[in-house]
Each structure stands twice: as C-alpha cells, then as structure tokens.
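Chain and residue survey
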Amino acid sequence: MTEIVEILLSASFWAAVVRIASPLIFATLGELICERAGVLNLGIEGIMVAGAFAGWMAVYSGTGLWTGVAVAMGAGMLFGLLHATLTVPFGLSQHVVGLGITLLATSATYYAYRLALPEVTSPPRIEPFQPWEVPLLSDIPLIGPALFAQTPLTYLAFVLTAVVALVLTRTPLGLALRAAGENPAAVEAQGLSVTGLRMGAVMVGSGLMAVGGAFLTMSAFSSFFFEMVNGRGWICIALVVFGAWKPGKAVLGALLFAAFDALQVRLQQTPLGADIPYQLFLMTPYVLSILALVLMSRRAAVPAALMVPYNRGTR
Amino acid sequence: MSGPDGAARDVVLRLDGITKRFGKLTANDRIDLALHRGEVMALLGENGAGKTTLMNILFGHYTADEGTVEVEGRPLPPGAPGAALKAGVGMVHQHFTLADNMTVLENILLGTEPLWTPRLGRRAARARVEALSRDFGLAVHPDARVATLSVGERQRVEILKALYRDARILILDEPTAVLTPQETAALFQTLRKMVARGLSVIFISHKLNEVMAISSRVAVLRHGRLVGEVATADTDRHRLAELMVGSEIVTPAPGTATPGAALLTLAAVRTAPRGDRPGLQGIDLSLRAGQITGLAGVSGNGQGALADLLSGLTAPTGGQMTLGIAAVTDWTPRAALAAGIGRIPEDRHDTGSIADFTLTENAVLEGYGSRPFSRRGVMDWTAARRHAADLIATYDVRCPGPDARIRLLSGGNMQKLILGRVLETGPMVILANQPVRGLDIGAVTYVQERLIAARDRGAAVLLISEDLDEVLTMADVIHVISEGRLSPPFPRGSKTPAELGAWMAGQGFDHAA
C-alpha cells in the first residue's frame, strides 16, 4: 500500500491524470452533445481515429498546429454529417450506423495512411504542442504541474466543458437541443427544426470527438500509430452515462478513469508488478469504471427520446 | 368577397379548398372554412372524419395536396409550423407536446428566442408567464417539472405556450378528453376570457354537449368532407349528431338487469405504485353477475393498476381477492385466463394485438396453448383459421380475410376481433378497459351492445372509461377512482355528473372513509 501512497503524492502522477483525461474530455463532450439532442453516436471510436490521423497528417504536411486541430475537427464533422444524414432524416438504426461509421472511419484512415506514406516502416514524428507553464501557479506543489503546466489543448478541454455546460443550461440553443432529445414533437410544435438541431449536434459533437483523437497525435504523442485510440471512444460512451448526461460530472468521470489508468501504469513498475501479471493492472481502470458506472448511473435521467428517430407527419 | 355584415370582414383565418390524401384515403376533401375574430368555432366530427388532419395542415405539420391557408389575409406557407406560430396560430395537440424532464418555464420558452441569443431571459419570461396565468386563469407553477403535473395542468402549460407567443388563433384538439367536468368548466372560462379579448378559438370535439356549451358556430366534418356549418344557436344536439353521423343515431339502451352473486371481490386490496402513478390504496370492489360496473375517473388515477391486477399482470400486495368463493393466491395472467376473466385491453395496438401478426394469429393469442388450437405443443393452424373466420363472420370484422395482417384494420374492426376473441370463450368476468375509445359511432354502438348482451347472459362486466357520459349510459353501478382510492358504489342515476366530477377530483373520499 505504501507504493500507492507514494504514487498519489507524486506531482508527475497528477499531471499524467490530467493529460490522460484530456482526449477523453473532448470526445465525451462530443458524445454528450449528440446524446442530449437524441442521437447515440457509436461512430466515436472511428471518428477519433480519423481525427488523430487528419490533424497529425496536416501538421506533417506543413500546416501549423492549430490548423491541424481545425483539419481534425473538419474531418470529424464530415463523418458526423454522414452519421447524421443516415440517422436523422433517414431515421436508420443509430446502433448500426454508428458501428458502421466506426469501421468505415477506421479503415479509411488506415488506407489514407498507407496512401500518404507508402514507404515508411516507422511513422514520422511532428513537433507536437508544448506545455504552457503558467508562471507562479505551475510551481504549486502537486497540483501546479497537473493544472498549470499542460499543453494548450488540455486547457481548451476544460474551457470547453464550461462552455458546453453553460450553452446547454443557459441559452435558447441549449434548451432547444435538450428538448430535441427529450421530446422532438415539442420542438417541432414550437416551430423549430428537429432535423436541423440534431444534425448540427451530431456534426459539432463528431468534430469534438475528432479533436479528442487529434490530442493523441498532436499533444500526448507525436506520431500516428494504428490502434492508438484503443477503445477510448467506447470509454467515453460510458462516461456520458456515468456523468448522467451532465458535462461537469462526465469530466469528473474522465478524470477518475484517467487516475486509475495512471495508477496502474505506475503500479506495474513497483515490486507489486513483478508478482502480479500486468494484464490485471491493465484491467483495473475498466473494471473500476464499470463498478463506478453501476453505482453512479442508477438514477440518471437519460434523454427520453435518445435513439428514437423522429419522422415528421407520423404520429 | 366582402360580405355585407361586419363579421365577414373580420375573418382571421380562411381555409380554401384544402385536400389531403393518404394513399387511397382522402382525409380532407376540398374543405373551405372561415374563422372570425372573437368566436369559438367548433369543428365536429367522428374519429377519422379528418378534423385532426385539417388542423395539422393549418398548423404546418402536414402539407396539403391542394388548397391554401390564409391568416389575416396573408397566405401561410405550407408545411412550416414556425410560420404558423409567427402568424399567430397556436395549437394544443390532443397528445401534448411537452418535454417531461424539463420545467414548465423551459417548455414555454422553447423556440421563442433566436437560437443564438447568448442567454435565456428566464426572469422576464417568468414574470410574463405569471401575468398570463393570472389574466386567463391558468394556474401552474413555472418551475415545476412537467412530469410532476396533472393532465389538466399540462394542458394549461400548452395554452400558456400559445399565449406566450401572442397567439391570436388557438386550436384545441379534443381538449376535454382528459379532463374532469370541473376542469372542463375551468377551461371553458379561460376560452371565454380569450374570445372576450378578441382571440379566436377552434374547438375540435366529438362531444355534442360541450360543442353546444362553448361554441358560437359549428362546422361538421364527415368522411373528410365539410357537411354542414351552422350557428350554434340555430341547432341542437340531435341535429348535430345526425349531421355528424349522416344518419339517425341509435344509442344502446342497457335496460335493467337483476344482479346475481359476486363473481369477483376485492377487499382492501393494495398494489405497488407504478413509477409516479399511485397503486391501489386498499380498495373494495364487488363485480356481480349480470351487472355492468362502471369505473369513472381521470386517466392515471389507478385505472391502469386495477386493470393490470384483474388481468393478472400484477399481484396484490395486500388485502383479499376472491374469485367466486375461492381466495386467490397465485395470480398470473394465465391464472386470470383460467379463472374465466376476459380482457379487453386499454390499448388495442399495444397490448391487445400484435400488428404484424395475421388475424388468425391474433385471434388465438390467448388460446393458442390448448385444444383445439394446438395439440402436444404443435399448432393446428386449420382450426385456428376456422376460428378466426368464425369471429370475422360473427363479429362483423371488415377485413381482407383471416390471413391479413391486423395492422391493416381500422380501430373499430381491430376492436371487434379482440371483442370476439374475448367473448367467444364465454368469460364470467369481463374487463373492458376503454373499449370504445377512438371508435366511430357505429362501432361504439356495436361494442356496447355486445357488452350489454354479455351482461344479460350473466357475466360481470367492469367498464373502465375516461368518458363520463359513457359510464353514465352503460353502467348499472358506478365507482369513481381517484389517486388509487375507490368510491363506494353509486347505483345508476343516484349521482349527477357534477357530483361524480367532485369525486373524480378527489373530494368526498375523506368523509366517506
């Protein structure tokens, strides 16, 4: 147990927690926006892969880092447009379309990678986002490096959390989005377009998922690997439920998951890791997430019209 | 165009040659209508006459195949609810369009401000909603979650939604279907206040006494055509009914019957609550042979709990349930069937039938497990089909044949098949939960006559209905249900509708207990 205490008292651990959580926060917010509008977006995993590649490829081809983020977002929105077109006006099964988008986006990305870099054996590196150290604040012991010595994308993730929360609760747009997920008929009766709201939500949400993917190639690492998203999209789906469809709680969930993840990596390097198979450590964040999900989401208010296609004129 | 009198100049809404077809069915056939400032116009017609379709076209939910809509002299673009709202048309749908998990204020504010406005002006909005509530007598708390409101309150929210947007024309689609007589009276007060301020109201209904009470003019639709337009003062219920149906109406006369022994008795029976709906709170009920027991009440007050209990879907959590003379112990849907309880469920689409199954399959849904429909676990489809054909002939089910999918049938014909399925087994207790809701008058009369005939052969009938008139006509003895509590039995004619309405609103229970 002393190993755990030591890890918890190290600043690098807390910095890692925030870093690991960042891509999850982007993608979770994206998924949350889709679901609040009534669309389950299972394309998330593939869209993250596409975003990771698109942003990195743009920078590798010579654009600036922020342009790369925009390119990733654009790529995500394109897949979002496809998802939204199939699920909203055509009203197809959101499960099937979402899984299809994940498969399509993943394989299209790998294909594009091979087309763009046919000869390479190991992926080239780009110059990723560097940490911005906030003067003075980053010197606070323990939490200073965690909160004030991160890359700009991490700061953006936390700013976005607040923005999404405020838009959802405090603006007419947020009210309309939530109503589209609760009772689309009410939205239409008030003269708004359910199709427009839901498609917009899926596109913006997918864009954020792609930025989450791009964080991996442009901030956490500096290259693109196959399998690098590695199920993070699916975790984000669970985090939305864990957070009871509320941005703040979902982000807490992302931090919690990241903490388990950072902890298990470090535990593997302690004497404990010599005795216990490392697969058990790898499992812990997922097992604990499932447990937390069971405990937290009992009374969650799922959007009433989630996964229910809305067809005008049939009632 | 302009008529000699002032009223004609004051046309706020004009429908011109509206035609709408759904496949082969012409739901609206060249309908012309004009609504004047400051009047309540009733739109009368049977279910399926095309009232709701017409209003959905007016409001932009549907696009008309032909014809135009003009509001205050300006044409309304088709298929755009937003444009209708902007032109001052508000609609209260039969099925409310409220988001249950959001507050009253949020529901009212939805879509009233441009989407990209940075803030919802909640404070100013709340003040306005409160002022409107006071002015029009529409009491409801702005911060209450819609899910916690009663049906009457939800309707008030719908009306507030329209008033908040400065609606000049309000369309109410069957607004009284879910209200107690008292709530209906309050609604009428609100409507009178509205027309006194120059608003215009279209009141859609098939209830003649309400149409006579609130409207100044009546337009009657039948089979998608406008068949009459009269000033309410110049007509009466009888003439309106004839216009609506197109022929003389024969209402079934239940007559009197001598009740026999109690076939099913509940003593202090309780059931578990269902979500935020109450369970039964210790009710006493005795269903006698040769008697129709009517259950009146506002929807969601425990009718569902009682129906589920009698169908065997739920078991009592307390009290004593007796069938004949035997106390009930192991209570399941199978047990209920075996005990001779015939069940006509509330929702013929949802629980009464399986839409994509054939008439034959639906006809044996309850009896498929035993002879003659199956032997040693193998279905005998010949026997099943013969049975379905018998039901179709005996119960006058209009359909392509026993192999047609039941979803193709009209509500009335579907209900006749279900009725046949139940009655042919000769049940001793018949649970009829809203058996005529949504049927046209012909089918209503048919179903009611069959229920009366079942009573006359000695069955105990429990008729659950949200339509007080139906209960008053049919039932030999009436109970009122409110919040899971059951009133004492009132013999036919011993209580006025207003007195029953007071019980429906929950008054009387405290003194009676």
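Before reading further, recall that the structure is shown in the block above.
Now for a quick tour of the structure. (Residues numbered from 1 in each chain as written. Chains lettered and ligands numbered in written order. Predicted model: local features only at pLDDT ≥ 70, side-chain atom pairs only at ≥ 80, totals over all residues. Heavy atoms only, no water.)

1. A few points about the sheet that holds strand S9 (residues 217-222) of chain B
Residue and element names in this part refer to chain B. Strand order in the open sheet formed by six strands is S6-S7-S8-S3-S9-S10, and the pairing between neighbours is mixed. Both outer strands of the open sheet, strand S6 (89-92) and strand S10 (225-231), are each paired with one neighbouring strand and no more. Geometrically, the sheet is characterised by an average inter-axis angle of 20° between neighbouring strands, direction not taken into account. Where S9 and S10 come together, six bridges link them in antiparallel fashion. Looking across to S10, one finds that Ala 219 is bridged to Glu 229. Set on the sheet, helix H7 (residues 181-196) makes contact with strand S3 (40-44), strand S7 (169-173) and strand S8 (200-205); between it and S8 the angle comes to about 150°. (Pairing = 2+ DSSP bridges. Helix = DSSP H or I, 4+ residues; strand = E, 2+ residues; numbered from the N terminus. Axes fitted to C-alpha atoms, helices over the stretch in contact; angles between N-to-C directions. Contact = heavy atoms within 4.5 Å.)

2. Details of empty space enclosed by the protein
Residues and elements named next belong to chain B. Applying the stated criterion across every chain yields a total of two cavities of 30 Å³ or more. Quantified by volume, the largest cavity comes out at close to 90 Å³. Secondary-structure elements contributing two or more residues to the lining of the largest cavity are S6 and helix H6 (151-164). The volume enclosed by the second largest cavity comes to roughly 30 Å³. Every residue lining the second largest cavity is listed: Leu 472, Ile 478, Phe 490, Pro 491, Arg 492, Gly 493, Ser 494, Lys 495 and Leu 500. Its residues assigned to classes, the lining of the second largest cavity comprises five nonpolar, two polar and two charged. (1 Å grid on protein atoms, 1.4 Å probe; cavity = no way out; pocket = protein on both sides within 12 Å on 5 of 7 lines; lining within 4 Å. Points joined across faces, edges and corners; volume = space filled by probe spheres on them. Nonpolar A, V, L, I, M, F, W, Y, C, P; charged D, E, K, R; others polar.)

3. Notes on the environment of Thr 496 of chain B
You can see Thr 496 of chain B is positioned in the loop between strand S23 (490-491) and helix H17 (497-504). Accessibility expressed as a relative area gives 40% for Thr 496 of chain B, which makes it partly exposed. (Buried < 20%, exposed > 50% of the residue type's maximum accessible area, 1.4 Å probe, protein only.)

4. Details of the sheet that holds strand S12 (residues 281-288) of chain B
Residues and elements named next belong to chain B. Taken together, the four strands give an open sheet; going across it, the order is S12-S11-S14-S15, and neighbouring strands pair in antiparallel fashion. Of all the strands in the sheet, the pair left with one neighbour each is S12 and strand S15 (326-327). In terms of strand pairing, strand S14 (residues 318-323) meets S15 through two bridges, oriented antiparallel. Its bridge partner being in S15, Thr 322 is matched across the sheet by Ala 327. Those strands touched by helix H10 (residues 303-311) are strand S11 (262-270), S12 and S14, and its axis lies near 125° from that of S11.

5. Examining the packing of aromatic side chains
Both the distance between ring centres and the angle between the ring planes are used here to describe each pair of aromatic rings. Enumeration according to the criterion identifies 18 aromatic pairs over all chains in this entry. Ring centres 6.2 Å apart and planes at 45° place the aromatic pair Phe 53 of chain A and Trp 56 of chain A in the tilted group. Of the two residues, Phe 53 of chain A and Trp 56 of chain A are both situated in helix H3 (residues 44-60); the distance of three residues between them amounts to about one turn of the helix. On the basis of relative accessibility, which here comes to 9%, the residue Phe 53 of chain A falls in the buried class. Judged by centre distance (5.6 Å) and plane angle (40°), the ring pair of Tyr 113 of chain A and Phe 224 of chain A falls under tilted. On the criterion of sequence distance, the pair formed by Tyr 113 of chain A in helix H5 (residues 94-116) and Phe 224 of chain A in the loop between helix H10 (194-220) and helix H11 (232-242) is long-range, its members being 111 residues apart. Aromatic rings pair up to connect Phe 53, Trp 56, Tyr 60, Tyr 110, Tyr 113, Phe 224 and Phe 226 of chain A into one cluster. Sitting above the plane of the Tyr 164 of chain B ring, Arg 128 of chain B keeps its charged end 4.5 Å from the centroid. (Phe/Tyr/Trp six-rings, centres within 6.5 Å; stacked < 30°, edge-to-face > 60°. Lys NZ or Arg CZ within 6 Å of the ring centre and 35° of its normal.)

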